[in-house]
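Breakdown of the fold
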Amino acid sequence: TKCRTTAALLALIAQEREGQAVDTGLIKEVLSMFADVGVQKGELLYGLRPTSMHVYERGFESPLLRATRAHYRSKAAALINQGVPPSDLQLQVKQWVQQEEARADAYLQPSTKPMLVQAVQEAVQEAVAATASDAADV
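Attention here is on the structure that accompanies the text. (Residues numbered from 1 in each chain as written. Predicted model: local features only at pLDDT ≥ 70, side-chain atom pairs only at ≥ 80, totals over all residues. Heavy atoms only, no water.)

1. Examining the pattern of salt bridges
We apply this condition: Within this document, salt bridges are pairs made up of a side-chain nitrogen of Lys or Arg and a carboxyl oxygen of Asp or Glu, the two lying within 4 Å of each other. What counts as a helix is a DSSP run of H or I of at least four residues, what counts as a strand is a run of E of at least two, and both are numbered from the N terminus. Think of it in three bands: residues with accessible area under 20% of the maximum for their type are buried, residues over 50% are exposed, and the middle band is partly exposed, with areas taken using a 1.4 Å probe on protein chains only.
In this structure the tally under the stated criterion is seven salt bridges. We note a salt bridge from E18 to K75, for which the minimum N-O separation is 3.8 Å. Here the residue E18 occupies a position in the loop between α1 (2–17) and α2 (24–37), and K75 occupies one in helix α4 (residues 54–81), the gap between them amounting to 57 residues. Taking the relative accessible area as the measure of exposure, E18 reaches 48% and is therefore partly exposed.

Structure, rendered in structure tokens:
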């Protein structure tokens, strides 16, 4: 089913984020199917550009963006709690953004890329804000 497929894809992406080798070709193939399912018959029949990718967007993209925020919020919070200087955190964020851009280029739909980058940046901002709030409460 779609939920199990999405969970499996997200697990593979999580593994890749942790440095493990994954079959990116398989991920791309499955995500292509997600995108194609939402395309209307006439678009396929007449070779028109797809206008509806609701299956990809709702079934995969939204969960991916949530998982991305959670992943990088956790990573950023861990670095902040370790006392990493802000300049080093910014360098790490640049590296994370580059990794996510490469991931998007490798197997995600082009429309996902800017949202993925935004999710990384927002997650880090949330972690910084939460840490600042925790420090203020002490």
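2. Some points on α2
Going by this rule: Residue count minus one, scaled by 1.5 Å, sets the expected span of a helix. The directions considered for the arc run from the helix axis to the C-beta atoms. Polar contacts, as counted here, are pairs of nitrogen or oxygen atoms within 3.5 Å of one another; within protein the pair requires one atom able to donate a hydrogen and one able to accept it, and residues that are adjacent in sequence qualify only if both atoms are side-chain atoms.
Taking 1.5 Å per residue as the helical rise, α2 with its 14 residues ought to reach 20 Å, and the 20 Å between its terminal C-alpha atoms agrees with that figure. All buried positions along α2 are accounted for by I27, V30, L31, F34 and A35. For α2, the angular spread of buried residues about the axis comes to 145°, placing them on one side. α2 presents E29 and V37 as exposed residues on the side facing more than 90 degrees away from its buried surface. Sitting at the amino-terminal end of α2 is D23, which places a side-chain oxygen 3.2 Å from the backbone nitrogen of G25.

3. Some thoughts on the nonpolar core
Here is the rule we go by: Side-chain atoms within 4.5 Å link the members of a nonpolar core, which is a set of buried Ala, Val, Leu, Ile, Met, Phe, Trp, Tyr and Cys residues.
Counting residues in hydrophobic clusters, the biggest one holds 20 residues, and the most contacted among them are L31, Y56, F60 and L108. Elements represented by at least two residues in this core include exactly α1, α2, α4, α5 (86–107) and α6 (112–137). Residues Y72, A76, L79 and V120 belong to the second largest nonpolar core, which totals twelve residues.

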